[in-house]
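The residues making up each chain are set out below.
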Amino acid sequence: MSATALYARETPGFEARVQNALAVLQRAAAEHPGRVVQATSLGAEDMIITDLIARHRLAIAVGTLQTGMLHAETTALIPAIESRYALAVEVYEPVNESVVTFVRKNGERAMYDSVELRKGCCAIRKLEPLSRMLKDRSAWVTGMRREQSNDRGTVAFSELDDKGRTKFNPLADWSWADVWQYIASNDVPYNPLHDQFFPSIGCAPCTRAIAVGEDFRSGRWWWEAEGAKECGLHVHGADAQVSMIGSHA
Ligand code: SF4
């Protein structure tokens, strides 16, 4: 059964949440002309944000991180977005030399060996490319939602990251049913892995399907203790390193 058939459900306030998300995006475009980017993970939430940006012709760039470890189904969404919405997706890749050196030293499966090595891999493949995406930008947009896990329970519609950039989270108050209701109603393209019980999709070695009743993000870095998860992209507060990106983060 498809994810839309399984999860889409219109609940009270859905239209208001869509309008609010649009208003947040309009504010991002108006307050940061030419200096705001949607950092898309190509997950379900981020596909909605790209749809809203394109549908309402908002002046917000769309960028993604090609870590070199994504599923083919995820990578295929980049040309799908470009042809569906006639917009160019900025693609940021890791520095090849850094990847080669890391893999030569630590092996292809280093992420399973320790939290430190996993974070080292994320630093090279995600954080550094993300810092290039955000360079010269004063704001960015993510698909983070409060419901995604307890750790994200305080997600605001906008907040400042550790570099003083504004991070907009237009879907902060959306439910999983809202996400799929919007996708179904607007025929938004999405990753077919969502149809195979992958709610949160990241790099292939670090993502698995989840079972009924499991937390949304339990399919990410599942071999690690809960407190170690996150890749540094969405850290905020005084000890933040980089603060960044959507649900594949
Ligand atoms: S999610 Fe996994 S494969 Fe991707 S950058 Fe992080 S450790 Fe490496």
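Residues numbered from 1 in each chain as written. Predicted model: local features only at pLDDT ≥ 70, side-chain atom pairs only at ≥ 80, totals over all residues. Heavy atoms only, no water.

A. Molecular detail of the site of the ligand. Taken together, M69, M111, R118, C121, C122, R125, K126, C203, C206 and W221 form the complete shell of residues around the ligand. At a threshold of 2 Å from the grid points, most atoms of the ligand map onto the largest cavity. The class makeup of the residues in the shell around the ligand is 7 nonpolar, no polar and 3 charged. (Near = heavy atom within 4 Å. 1 Å grid on protein atoms, 1.4 Å probe; cavity = no way out; pocket = protein on both sides within 12 Å on 5 of 7 lines; lining within 4 Å. Sits in = over half its atoms within 2 Å of the grid points. Nonpolar A, V, L, I, M, F, W, Y, C, P; charged D, E, K, R; others polar.)

B. Region of the structure containing the confidence of the model for the protein chain. The predicted model of the protein chain has a mean per-residue pLDDT of 89, with 88% of residues at 70 or higher. With pLDDT under 50 throughout, residues 236-249 is counted as low confidence; its partners more than four residues away or in other chains account for 72 contacts. (pLDDT = per-residue confidence, 0-100. Contact = heavy atoms within 4.5 Å.)

C. Molecular detail of the packing of helix α3 (residues 44-55) against helix α5 (residues 77-85). Close contact between α3 and α5 brings their axes to 11 Å; oriented N to C, the two are set at 20 degrees. With respect to each other, α3 and α5 are oriented roughly parallel. When the axes of α3 and α5 are compared, the crossing they make is right-handed. On α5, the residues touching M47, T50, D51 and A54 of α3 are L77, I81, R84 and Y85. Looking at the contact of α3 with α5 residue by residue, the class counts come to 5 nonpolar, 1 polar and 2 charged. (Axes fitted to C-alpha atoms, helices over the stretch in contact; angles between N-to-C directions. Helix = DSSP H or I, 4+ residues; strand = E, 2+ residues; numbered from the N terminus. Parallel < 35°, antiparallel > 145°, perpendicular 65-115°, else oblique. Left-handed = near helix turned anticlockwise from the far one by under 90°.)

D. Main features of the pattern of salt bridges. What the rule picks out here adds up to 12 salt bridges. With a closest N to O distance of 3.2 Å, R27 and E31 form a salt bridge. Placement of the pair is R27 and E31 together in helix α2 (residues 14-31), with a separation of 4 residues, close to one helical turn. Judged by relative accessible area, which is 45%, E31 ranks as partly exposed. Ionic pairing is found between E147 and R145, a salt bridge with its closest N-O pair at 2.8 Å. Of the residues examined, E147 reaches a relative accessible area of 36% and is grouped as partly exposed. The class of R145 is buried, set by a relative accessible area of 0%. One network of salt bridges, with partners in common, ties together E45, R145 and E147. (Salt bridge = Lys/Arg side-chain N within 4 Å of Asp/Glu carboxyl O. Buried < 20%, exposed > 50% of the residue type's maximum accessible area, 1.4 Å probe, protein only.)

E. Local environment of empty space enclosed by the protein. Under the defined criterion, the tally for this structure stands at 3 cavities of 30 Å³ or more. Taken together, T67, M69, M111, C121, C122, R125, K126, C203, P205, C206, R220 and W221 make up the lining of the largest cavity. Among the residues forming the lining of the largest cavity, the class breakdown is 8 nonpolar, 1 polar and 3 charged. (Points joined across faces, edges and corners; volume = space filled by probe spheres on them.)

F. Examining α3 more closely. Helix length check: α3 (12 residues) gives 16 Å between terminal C-alpha atoms against 16 Å at 1.5 Å per residue, within 8%. With 11 of 12 residues buried, α3 is to be regarded as a mostly interior element. Taken residue by residue, α3 has A44, E45, D46, M47, I48, I49, T50, D51, L52, I53 and A54 as its buried positions. The elements touched by buried residues of α3 are α2, β1 (36-40), β2 (61-65), α5, β4 (139-141) and α8 (176-186). Just past α3, the residue R57 takes up positive phi, approximately 50 degrees. (Expected span 1.5 Å × (residues − 1).)

G. Seen up close, unusual backbone geometry. Not every positive phi belongs to a glycine, and A86 is a case in point at roughly 55 degrees. Tracing the backbone through its elements, the reader meets A86 in the loop between α5 and β3 (89-92). Accessibility expressed as a relative area gives 72% for A86, which makes it exposed. The backbone phi angle of D187 is positive, close to 50 degrees, even though this residue is not glycine. Looking at the element boundaries, D187 is found in the segment after α8. Classification of D187 by relative accessible area gives exposed; the value is 57%.

H. Structural detail: the packing of helix α6 (residues 96-106) against helix α7 (residues 115-134). Two elements in contact, α6 and α7, have axes separated by 10 Å at closest approach and are oriented at 165 degrees. Between α6 and α7, the crossing angle belongs to the class labelled roughly antiparallel. Note that α6 runs across α7; the crossing there is left-handed. In this structure, α6 contributes S98, V99, F102, V103 and N106 to the contact, and α7 contributes L117, G120, C121, I124 and R125. Residue classes in the contact of α6 with α7 are distributed as 6 nonpolar, 3 polar and 1 charged.

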